[in-house]
Amino acid sequence: MRTFLISLVFFLFSSVASAAPLQSPVPLSPEHEEPRYLALIKNNSPSEVEMLFHRASMLAERVDNLNAYEPIVFVLHGEEAHAFRHRNMEQHKALLDLAERLEKNNVIDVRICETWMRANDVDRSELPEFVDTVPLGPLEEVRLRKDGYIYF
Amino acid sequence: MSTSDIYIGLMSGTSLDGIDVAAIDFSQYLSIVATHSETIPDTLKKEILQLTQPNPDEIDLMGKVDIELGKLFAKAVNTLISQTKLSKTQIQAIGSHGQTIRHRPEFGFTLQIGDANIIAEHTGITTVADFRRRDMAASGQGAPLVPAFHKAVLHNPAKDRILLNIGGMANITYLPADNSKITVGFDTGPGNVLMDAWIHKHKALSYDHNGKWAQSGNCDIKLLEKLLSLPYFHEAPPKSTGREQFHLDWLTHQLEGFNLSPEDTQATLLELTAASIVSAIQSHVASESFELLVCGGGSRNNALMQRLKQLLPYNDVSTTDKVGINADWMEAAAFAWLAKRCLEGKTGNNTDVTGADGERILGAIYQA
């Protein structure tokens with residue numbers, strides 16, 4: 001397991017090292033032995049998020065006990081978050097089914113920005129129960145980075 | 001009441017919302033004896049703003065404004081005294097911050113104007129001014145200076161505290177309950193300065209009362225992300241900033257490519273102030289169970305206060321009114337305290353926060 005995670009770190013870091021917005025200057029926390037991941041969403045499209053979900057799913061298949069690890073956090077605060085609204089469910093059914101399954105299996109943790117919701121007139125009741133909300137998405141990313149999360 | 005320990009603090013911040021004057025009695029802890037707020041005439045305000053950016057003939061203009069501000073500061077003090085039972089002989093000294101027209105720690109200089117010679121001459125009271133440059137001469141940022149005052153009067157051995165001053169710029173002071181731990185203090189970025197500039201441009205108002213206009217719009221997350229990506233927000237302290245960095249022209253440049261309504265922009269600017277403050281706390285304060293005490297003009301902006309509470313749901317967020325110091329007068333009280341320290345030959349800077357080579361007695365004395 002440890003070998004897998006170490007190789008995952010190298011694999012992921014090489015793909016995101018040059019594109020990390022809002023990085024905290026504070027050194028990453030040494031408290032957590034196992035790496036923890038935060039999804040790097042660049043294009044804010046449902047297809048990009050679905051691709052990242054598939055990648056998470058593929059990697060999770062190689063882990064024996066998922067409950068021993070923190071799920072990969074997806075903080076959504078752009079157009080991609082519209083895909084999670086009930087009214088768009090049919091159009092993005094595959095994405096939502098996958099998200100629900102990965103959430104249930106502790107592979108991912110989807111958090112939608114309440115500030116984005118307010119700006120887009122999205123009520124909490126319009127979103128599936130399995131997603132969480134956070135007051136401000138960009139700030140949540142800063143907080144997670146400070147807590148030692150690295151980009152996935 | 002002892003008459004031997006009353007000082008007057010004079011503060012005119014980057015928000016240019018007025019000159020704050022407060023008479024502070026330090027004989028028993030700290031009590032605010034009297035306060036007055038003097039309006040800055042629009043013409044003078046415009047000239048001050050002009051001086052914050054490079055312009056031709058600025059030395060002549062600076063000389064003129066230096067004199068006018070000195071007279072206005074003296075008038076503010078005289079008005080305060082005339083409205084109270086205080087006599088000038090009871091006042092030990094005036095601590096005048098002055099009006100910052102340039103703060104360039106990266107080049108080793110900072111400039112506050114409002115001639116202290118004139119203040120001393122027109123009030124008949126010894127005046128202490130020019131507090132920042134000695135710290136800079138010792139390789140410090142010259143800012144923020146209030147953390148030393150915050151530590152002296154608001155340290156709580158039972159609880160971690162963060163003092164947040166939201167003026168034109170916003171700055172924090174982290175006071176760990178454990179006094180042996182270092183105090184952290186720095187400018188987090190814009191406080192009211194961008195919101196004030198934006199509402200002035202679109203509605204000719206000096207500020208957004210209670211953030212009502214901001215609340216009528218929606219934060220644009222893309223713009224917010226862009227603004228938060230500014231390197232200043234990611235630099236490690238010690239650091240300080242001012243109007244040189246955050247001003248209307250800068251904002252206008254940042255807005256290129258965004259097609260937002262003015263109120264959506266205002267909502268985003270309010271979010272920027274709140275988010276940059278909380279981000280700074282989360283990144284540089286080694287405590288999660290702190291109490292946040294807010295002072296300065298921004299503490300009276302209900303929408304901003306509400307937002308800070310939402311973003312820090314597990315912390316106690318309130319104004320300094322709660323601990324007995326009116327949030328409107330904290331900065332003026334700090335400069336009264338710094339004047340007292342200077343006259344007593346005591347140091348006034350906190351090197352943990354300014355980065356200076358050592359503690360120094362701050363200020364130049366202009367005898368009555």
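Counting restarts for each chain, with residues numbered from 1 along the sequence as it is written. The lettering of chains begins at A and the numbering of ligands begins at 1, in the order of writing. Predicted model: local features are reported for residues with pLDDT of at least 70 only, side-chain atom pairs are reported and counted for 80 or more only, and whole-chain, interface and lining totals are derived from all residues. Water and hydrogen atoms were dropped before computing side-chain values, which therefore reflect all heavy atoms in the structure.

S.K.: So what exactly am I meant to see when it comes to the overall build of chain B here?
M.R.: Summing up its helical and strand segments, chain B has 13 helices and 12 strands in all. We compute the radius of gyration over the C-alpha atoms and compare it with the globule rule, which gives 2.2 Å times the number of residues raised to the power 0.38. The globule rule puts the C-alpha radius of gyration for 368 residues at 21 Å, and the 20 Å found for chain B is close to it. Taken along its principal axes, the extent of the C-alpha atoms in chain B is 60 × 50 × 40 Å. Of all 368 residues assigned to chain B, the portion counted as buried reaches 61%. Whether two residues touch is decided by their heavy atoms; if any such pair falls within 4.5 Å, the residues are in contact. Counted over contacts in chain B with a minimum sequence separation of 6, partners at least 24 positions apart contribute 69%. Approximately 14300 Å² of chain B is accessible, and the part contributed by carbon and sulfur atoms is 48%. Going along the chain from the N terminus, every DSSP run of H or I of four or more residues is numbered as a helix, and every run of E of two or more is numbered as a strand. Think of it in three bands: residues with accessible area under 20% of the maximum for their type are buried, residues over 50% are exposed, and the middle band is partly exposed, with areas taken using a 1.4 Å probe on protein chains only. Accessibility throughout is a Shrake-Rupley quantity obtained with a 1.4 Å probe, and a residue counts as covered only by protein chains that appear here.

S.K.: Just to check I follow, could you spell out the domain arrangement of chain B for this structure?
M.R.: In many reports, interface size means the accessible area that the parts give up when they come together. All names here are of chain B. Domain boundaries in chain B define domain 1 (6–142 + 329–366) and domain 2 (146–323). These domain limits were set by an automatic method or by a database of domain assignments. Between domain 1 and domain 2, the C-alpha centre-to-centre distance is 23 Å. Counting from both sides, the interface comprises 27 residues of domain 1 and, opposite them, 28 residues of domain 2. Here domain 1 packs against domain 2, burying approximately 2300 Å² in sum over the two surfaces, 61% of which is carbon and sulfur. It is T14, M330 and V353 in domain 1 that bury the most area against domain 2; as a group they hold 27% of the surface buried on that side. A pair is scored as a salt bridge if a Lys or Arg side-chain nitrogen falls within 4 Å of a carboxyl oxygen belonging to Asp or Glu. Scanning the region where domain 1 abuts domain 2 turns up zero salt bridges. The definition of a polar contact used here is a pair of N or O atoms within 3.5 Å, where within protein one atom must be able to donate a hydrogen and the other to accept one, and adjacent residues in sequence count solely through side-chain atom pairs. At the surface where domain 1 touches domain 2, the tally comes to eight residue pairs in polar contact (both at pLDDT 80 or more). Of all the secondary-structure elements, those providing two or more residues to the side of domain 1 that touches domain 2 are β4 (91–104), α12 (330–343) and α13 (351–354). Among the elements that make up the side of domain 1 that touches domain 2, the one with the highest residue count is α12 (six residues). Here the side of domain 1 that touches domain 2 is composed, by residue class, of 12 nonpolar, 11 polar and four charged. Joining two parts hides part of their accessible area as seen by a 1.4 Å probe, and the buried area is that hidden amount summed over both. Under the grouping applied here, Gly and all other residues not named as nonpolar or charged are polar, the nonpolar ones being Ala, Val, Leu, Ile, Met, Phe, Trp, Tyr, Cys and Pro and the charged ones Asp, Glu, Lys and Arg.

S.K.: How do you make sense of the pattern of salt bridges when you look at a structure like this?
M.R.: Pairing between side chains of opposite charge can happen when the charged atoms of each approach one another. Residues and elements named next belong to chain B. Under the criterion given, the structure shown has 23 salt bridges over all chains. One salt bridge in this structure joins K75 and E38, with 3.0 Å as the shortest N-O distance. Linking K75 in helix α2 (residues 58–82) with E38 in strand β3 (residues 31–38), this pair joins segments that are 37 residues apart in sequence. Judged by relative accessible area, E38 falls into the buried class, the value being 8%. With a closest N to O distance of 3.4 Å, K346 and E344 form a salt bridge.

S.K.: Before we go on, may I ask you to explain the sheet that holds strand β10 (residues 291–295) of chain B in this structure?
M.R.: In a beta sheet, neighbouring strands are held together by backbone hydrogen bonds and run either parallel or antiparallel to one another. Residues and elements named next belong to chain B. One requirement defines pairing of two strands: DSSP has to find at least two bridges between them. As summarised here, the arrangement of the five strands in space is β9-β8-β7-β10-β11, forming an open sheet in which the pairing is mixed. Two strands lie at the open edges of the sheet, namely β9 (184–190) and β11 (316–319), each paired on one side alone. With strand direction ignored, the average angle separating the axes of adjacent strands in the sheet is 20°. One ladder, built from four bridges, connects β10 with β11; its direction is parallel. Along β11, the bridge assignment pairs V294 with T319. Working convention: axes come from line fits to C-alpha atoms, limited for helices to the stretch in contact. Angles between N-to-C directions cover 0 to 180 degrees. Against the sheet, helix α11 (residues 302–311) contacts β7 (161–166), β10 and β11, and its axis sits at roughly 160° relative to β11.

S.K.: Just checking my understanding: could you explain the interface of chain B and chain A for this structure?
M.R.: Listed as interface residues are 22 residues of chain B and, on the opposing side, 19 residues of chain A. For the pair chain B and chain A, the summed buried surface comes to about 1800 Å²; carbon and sulfur atoms form 63% of the total. Contact with chain A buries area across many residues of chain B, yet I221(B), H234(B) and Q282(B) alone supply 32% of it, more than any other trio. Between the two partners, chain B and chain A, sit zero salt bridges. The tally of links between chain B and chain A comes to four residue pairs in polar contact (both at pLDDT 80 or more). Those elements that provide at least two residues to the side of chain B that touches chain A are α8 (221–228), α10 (262–284) and α11 of chain B. Of the residues forming the side of chain B that touches chain A, the biggest block, seven residues, is contributed by α10(B). In terms of residue class, the side of chain B that touches chain A is made up of nine nonpolar, eight polar and five charged.

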